[in-house]
Amino acid sequence: MELGYACVNMSLKDASPNHRITLNSLKKLSSEGQRIRLKTIAKKNLANTLRILKFNKAHNINFYRFSSNIVPLATHPIMEGWDYILDLKKDLLEVGNYVKKNGMRTSTHPGQYTVLNSNREDIVSRAIDDLEYHSKLLIGMGLDRTHKMVLHIGGAYGNKEKAIEKFKSNFARLSEDIKGRLIIENDDTTYNTTEVLEIAEDLGIPMVFDIHHFNCNHQEDEDLKELIPRIFATWGDEKPKLHFSSPKSEKKYASHADNIEKDDFLEYIDLLKSLTDKDFDIMLECKNKDKALLKLREEIKVES
DNA sequence: ACGCGTCAAGTACTC
DNA sequence: GAGTACTTGACGCGT
């Protein structure tokens, strides 16, 4: 089992892969100036991504989620026509080659603004653009389709059944590369485990099971003993991926805590292992990122 | 150098 | 229709 973390590294100094520029600042530059500025920022983000991967290797962390902000404003209309992949080819390949050379597992996770099932076509269109961006980055890195893109289902719009149908029909519009990488996750407020699982089974794509989201959002009749084997089955021959985080507090339950609560974590690992022979990876989502991962790994080691 | 309001993006909810 | 929470690190302006 590999543990992973998302995007930011808390141990390295000045290593953010999330450097950005505001739209207003960008607009003050000439067309050429805009490209140069964004290219410079993206190169810095990719250089920091590589630094983070090297840190990961040194600490035997082989599972990592790329930042979605590596190329800021890549899909914004004012940058239309900019071939950022061409401009960043060398930097992208350097990251991708490092991942491949070291047998690392990576992913991306378009966020809350990427809504494929919206009932507004302009929003769907932008969601597809954003998925294309993530796909292009992974292809540009030379990474095959085992390197995934995690997505939530989206909004409910007062009619979940219809919204789920919308998700499925819009899935059909995606490129082959995106279809081959897309994996869907249960969320903390709207689409529960059973609903996402049924969509995954229907579309023939893997489901990422988020244990914390399950705790935030589940029906009384949802039984993990029944659901988990089905979730793992959606992965076929591939190694399943799960998300885990601890609640910030009783009051802000859905928010992520700084670290992972060890006993709680071990309890779920035991449950998972009792339900499957498969190996699996777990993405930890918490504020302390790599530090939380290393801390948890140390605590588990002491335990066993 | 530092503090703090602001930031591309959507949904759901309140008023 | 407007405003706000959600979530969240970095920008960038003002001092």
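Residues numbered from 1 in each chain as written. Chains lettered and ligands numbered in written order. Predicted model: local features only at pLDDT ≥ 70, side-chain atom pairs only at ≥ 80, totals over all residues. Heavy atoms only, no water.

Enquirer: Looking at this structure, how should I read the overall build of chain A?
Expert: Looking only at helices and strands, chain A has twelve helices and eight strands in total. Taking the principal axes of its C-alpha atoms as reference, chain A extends roughly 60 × 50 × 40 Å. Buried residues in chain A amount to 50% of all 304 residues. By sequence separation, contacts in chain A at least 24 residues apart represent 80% of the contacts at least 6 residues apart. Accessible area for chain A stands at about 14400 Å²; split by element, carbon and sulfur atoms hold 48% of it. Distance from the positive charge centre (46 side chains) to the negative charge centre (48 side chains) of chain A: 9 Å. (Helix = DSSP H or I, 4+ residues; strand = E, 2+ residues; numbered from the N terminus. Buried < 20%, exposed > 50% of the residue type's maximum accessible area, 1.4 Å probe, protein only. Contact = heavy atoms within 4.5 Å. Areas by Shrake-Rupley, 256 points an atom, 1.4 Å probe, with all protein chains shown as cover. Lys, Arg positive; Asp, Glu negative; His and termini not counted. Charge placed at Lys NZ, Arg CZ, Asp CG, Glu CD.)

Enquirer: Looking at this model, I keep getting lost on the nonpolar core. Mind explaining?
Expert: If you look at soluble globular proteins, the nonpolar side chains tend to sit buried side by side. In this structure, Phe66, Val71, Phe209, Phe265, Ile282 and Leu284 are the most contacted members of the largest nonpolar core, which totals 79 residues. With eight residues, the single largest contributor to this core is helix α2 (residues 31-58). With near-sequence residues (within four places) excluded, Leu284 lies in contact with Leu3, Gly4, Tyr5, Ala6, Phe244, Ile260, Phe265, Leu293 and Leu296. (Core = buried A, V, L, I, M, F, W, Y, C linked by side-chain atoms within 4.5 Å.)

Enquirer: Would you explain the pattern of salt bridges in this entry?
Expert: Once their charged atoms are close, side chains differing in charge can pair, the charge on each being opposite to the other. In the structure shown here, the tally under the stated rule is 20 salt bridges. Notably, a salt bridge pairs Glu238 with Lys148, separated by 3.1 Å at the nearest N-O pair. Placement of Glu238 in the loop between α10 (224-233) and β7 (241-244) and of Lys148 in strand β4 (residues 148-152) is noted, with a sequence separation of 90 residues between them. Here Glu238 falls in the partly exposed class, since its relative accessible area comes to 27%. You can call Lys148 buried: its relative accessible area is 1%. Between Asp281 and Lys239 there is a salt bridge, and its shortest N-O distance comes to 2.8 Å. In this pair, Asp281 is assigned in strand β8 (residues 281-284) and Lys239 in the loop between α10 and β7, connecting sequence segments 42 residues apart. (Salt bridge = Lys/Arg side-chain N within 4 Å of Asp/Glu carboxyl O.)

Enquirer: Looking at this structure, I do not really get the pairing of strand β1 (residues 3-6). What am I missing?
Expert: Side-chain alternation along β1 places Leu3 and Tyr5 on one buried face and Gly4 and Ala6 on a second face that is also buried. When β1 meets β8, the two strands line up parallel, connected through three bridges. Bridge pairing in β8 places Tyr5 opposite Leu284. The pairing of β1 with strand β2 (residues 63-65) spans three bridges and is classified as parallel. Along β2, the bridge assignment pairs Gly4 with Phe63. (Pairing = 2+ DSSP bridges.)

Enquirer: What should I look at first to understand helix α12 (residues 289-303) in this one?
Expert: The periodicity of an α-helix, 3.6 residues per turn, causes residues three or four places apart in sequence to face the same way. Its 15 residues give α12 an end-to-end C-alpha distance of 21 Å, which sits within 8% of 21 Å, the value for a rise of 1.5 Å per residue. Next to the buried residues of α12 lie β1, α2, α11 (262-275) and β8. (Expected span 1.5 Å × (residues − 1).)

Enquirer: Please explain the sheet that holds strand β5 (residues 182-185) as it appears in this structure.
Expert: Hydrogen bonds between backbone groups are what pair the strands of a sheet, and the pairing can be parallel or antiparallel. One closed barrel accounts for eight strands, arranged β1-β2-β3-β4-β5-β6-β7-β8; its pairing is parallel. Direction aside, neighbouring strands of the sheet carry axes that sit 30° apart on average. With four bridges joining them, β7 and β8 adopt parallel strand pairing. Following the sheet pairing, Phe244 is matched in β8 by Leu284. (Axes fitted to C-alpha atoms, helices over the stretch in contact; angles between N-to-C directions.)

Enquirer: Any chance you could explain the protein's contact with DNA strand B here in plain terms?
Expert: The local shell around DNA strand B holds 15 residues, among which Leu23, Ser118, Arg126, Ala156 and Tyr157 are the closest. Near-protein atoms of DNA strand B (within 4 Å) split between backbone and bases, with sugar and phosphate holding 51%. At a separation of 2.9 Å, a phosphate oxygen of DNA strand B approaches a polar side-chain atom of Arg126. Here Tyr157 contributes a side-chain N or O atom positioned 2.4 Å from a phosphate oxygen of DNA strand B. Among the residues forming the surface near DNA strand B, the class breakdown is seven nonpolar, seven polar and one charged. (Near = heavy atom within 4 Å. Polar contact = N/O pair within 3.5 Å; in protein donor to acceptor, adjacent residues only side chain to side chain. Nonpolar A, V, L, I, M, F, W, Y, C, P; charged D, E, K, R; others polar.)

Enquirer: What's the story with the packing of aromatic side chains in this structure? I'm lost.
Expert: The tally for this structure, following the rule as stated, stands at eight aromatic pairs. Ring geometry for Tyr64 against Phe66: centres 5.8 Å apart, planes inclined by 90°, an arrangement best described as edge-to-face. A single burial state applies to Tyr64 and to Phe66, both of which are buried. A network of ring pairs unites the aromatic residues Tyr5, Tyr64 and Phe66 as a single cluster. In this structure, Arg105 is placed above the aromatic ring of Phe63, and the distance from its NZ or CZ to the ring centre is 5.8 Å. (Phe/Tyr/Trp six-rings, centres within 6.5 Å; stacked < 30°, edge-to-face > 60°. Lys NZ or Arg CZ within 6 Å of the ring centre and 35° of its normal.)

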